[in-house]
Each structure stands twice: as structure tokens, then as C-alpha cells.
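Coordinate inspection notes
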Amino acid sequence: MRSLDELACAGAVLRVLSGLMAGPPDEQRLATLRDPQWLEQWPMARTDVCRAGLHLLERSAQEGEDATLVAQDHARLVGGPGRVAVHPYESVHRSVEGLLFEQETLEVRAAYAEFGLAAPDKNRSPDDHISLELEFVATLAERALDAEGEELERLVVGFDRFLAEHLFQWAPNFFDTLGRAAQTHFHHGVALLGVDTLVQLGAGRTAPAQGAPQG
């Protein structure tokens, strides 16, 4: 079973990635995410891909990518309205017809419900948006830190099962495509960190570095 340190690091990183997929950061948040001291605290093991992603966030700041430019790139990539470069819904990537609200969406909804959770716009917006799936596993990891015994085991099993049955099935390709389509160093860096995080979680070797980033 994963250690509490692994879960703490995973929860922190997944929470950050979830927020960035939900919407673009404002100027203050963008400054925090690109601050060298904050980046040094990124808690995943420093693989080559991880280092490249963190470097691109620093480069984004150095080259003056502001919140407006980052927001425009986010809208073009995943935020809509209209056609987006990368569909952010699992069912579009995995269903035979490539449509919204397919079987994958219902399976994700059931997984949320097992832990007393639900998508905020249930029945109006699909439950399997990348930001919601990342938020879900982040929540399970965070809850596990305060759990014991059978409840701890239930949360960790749920965490690993959702990764294996859902995120691992489509999110690595999603982030890879996101990186290829990005027009900012910021989103290219975020995409690399997304790929790297999933690889490390899949290998069962989420390694804490210097603690979870705050902010």
C-alpha cells in the first residue's frame, strides 16, 4: 500500500494540476506557480521530464507570458467555447463513438458516489472532465492522510483503482497532446508535469522531494 508521504505528495500535485485544467490562473496565482522557490518544492522525483516541465514554467516567466496570454492558450486548448485543441473529457477519448456522456461518464459518476462525492454540474456538464477526475483522486489522497485502518485501506484502494481504470487509460495521451498543441511555455510545462506525474504514480514510485508546494 502507498505510504502517507506518497499520498501527501500525490494529493498536492494532483490538486495543482486539477486547478490548472479547470481554468487559467490569474496574475497572482501565475506568479506563485512560476516562482523559483515554489518550483523547488515540487514534490515529485526529479526525472528528466519533471525537470523539463519545471524549466518551462520558469521560462514562461522569463519570456513575459502574462495571465491574458496564458488564459487565451487555455481557452484554445481545453476551455472553449467552440472547438478545442484537446477534448478534456474521458468519454470522448475512450468511447467507440467519441461522444460526451457515454458509459465512461457513468462509471466515473459511480466512482465519485462511492465516496460521497458528485460533480458540481451533474447532469448538465459531464462528470469525466480531466479537472474533476484529478480533483477526485487528490481528494482521496488527502482524506487518506487523516484515516486509519479499514477506511485508510478503502481510500487507497479507491485511489489506485480510479487511476488504473480511468486516468491511466486516457490522461497520459491527453497531456501529451496538450503539450504538443500548447502555444505557451506555461501550458507546455504543465503538460509535461501531468505526463510525468501519471508515469510516477503508475510506477508506484511517487517520491517526496522537499514537501508539498503551498499556494
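Because the structure is predicted, anything quoted here is derived from the model rather than measured.

Definitions and cut-offs
- Residues numbered from 1 in each chain as written.
- Predicted model: local features only at pLDDT ≥ 70, side-chain atom pairs only at ≥ 80, totals over all residues.
- Heavy atoms only, no water.
- Core = buried A, V, L, I, M, F, W, Y, C linked by side-chain atoms within 4.5 Å.
- Buried < 20%, exposed > 50% of the residue type's maximum accessible area, 1.4 Å probe, protein only.
- Helix = DSSP H or I, 4+ residues; strand = E, 2+ residues; numbered from the N terminus.
- Contact = heavy atoms within 4.5 Å.
- Lys, Arg positive; Asp, Glu negative; His and termini not counted.
- Salt bridge = Lys/Arg side-chain N within 4 Å of Asp/Glu carboxyl O.
- Polar contact = N/O pair within 3.5 Å; in protein donor to acceptor, adjacent residues only side chain to side chain.
- pLDDT = per-residue confidence, 0-100.
- Expected span 1.5 Å × (residues − 1).
- Arc of directions from axis to C-beta.

**With respect to the nonpolar core**
Among the nonpolar cores identified, the biggest contains 56 residues, and Met21, Trp42, Ile130, Phe159, Leu167, Phe174 and Leu178 are the most heavily contacted of them. Counting residues per element, this core draws most heavily on helix α9 (residues 149-181), at twelve residues. Residues in contact with Phe174, not counting those within four places in the same chain, are Met21, Val78, Val86, His87, Pro88, His93 and Ile130.

**Let's talk about the side chain of Asp128**
In this structure, Asp128 sits in the loop between α7 (103-114) and α8 (130-144). An unpaired buried charge is present at Asp128: no salt bridge exists, and Arg109, the closest side chain of opposite charge, is 8.3 Å distant. Among the polar contacts made by the side chain of Asp128, one reaches the main-chain amide nitrogen of Ser91 at a distance of 2.7 Å. Those residues in contact with Asp128 that lie beyond four places of it in its chain are Pro88, Tyr89, Glu90, Ser91, Glu104, Thr105, Val108, Glu133 and Trp170.

**Side note on the confidence of the model for the protein**
On average, residues of the protein score 91 in pLDDT, and 90% of them reach the 70 mark or higher. When the criterion is pLDDT under 50, residues 204-215 qualifies, and its contacts beyond four places in sequence or with other chains add up to 40 contacts.

**So, the side chain of His129**
Residue position: His129 is located in the loop between α7 and α8. With near-sequence residues (within four places) excluded, His129 lies in contact with Met21, Pro88 and Tyr89.

**Quick look at the environment of Asp196**
Residue placement: Asp196 occurs in helix α10 (residues 185-202). For the pair Asp196 and Pro172, spaced 24 residues apart in sequence, the C-alpha to C-alpha distance is 8.6 Å. Filtering out sequence-adjacent residues up to four positions away, Asp196 remains in contact with Met44, Ala45, Thr47, Val49 and Cys50.

**With respect to α7**
Look at α7: 17 Å from first C-alpha to last across twelve residues, which is about the 16 Å you get at 1.5 Å a residue. Within α7 the residues assigned to the buried category are Glu104, Thr105, Val108, Arg109, Ala111 and Tyr112. Down the axis of α7, the buried side of the element spans an arc of 160°, and every buried residue falls inside it. Considering only its buried residues, α7 is in contact with α6 (90-94), α8 and α9.

**Some words on the environment of Ala71**
Its location among the elements puts Ala71 in helix α5 (residues 67-79). Assessed through its relative accessible area of 26%, Ala71 is described here as partly exposed. Distance from Ala71 to Gly23, taken between C-alpha atoms, is 7.9 Å for residues 48 residues apart in sequence.

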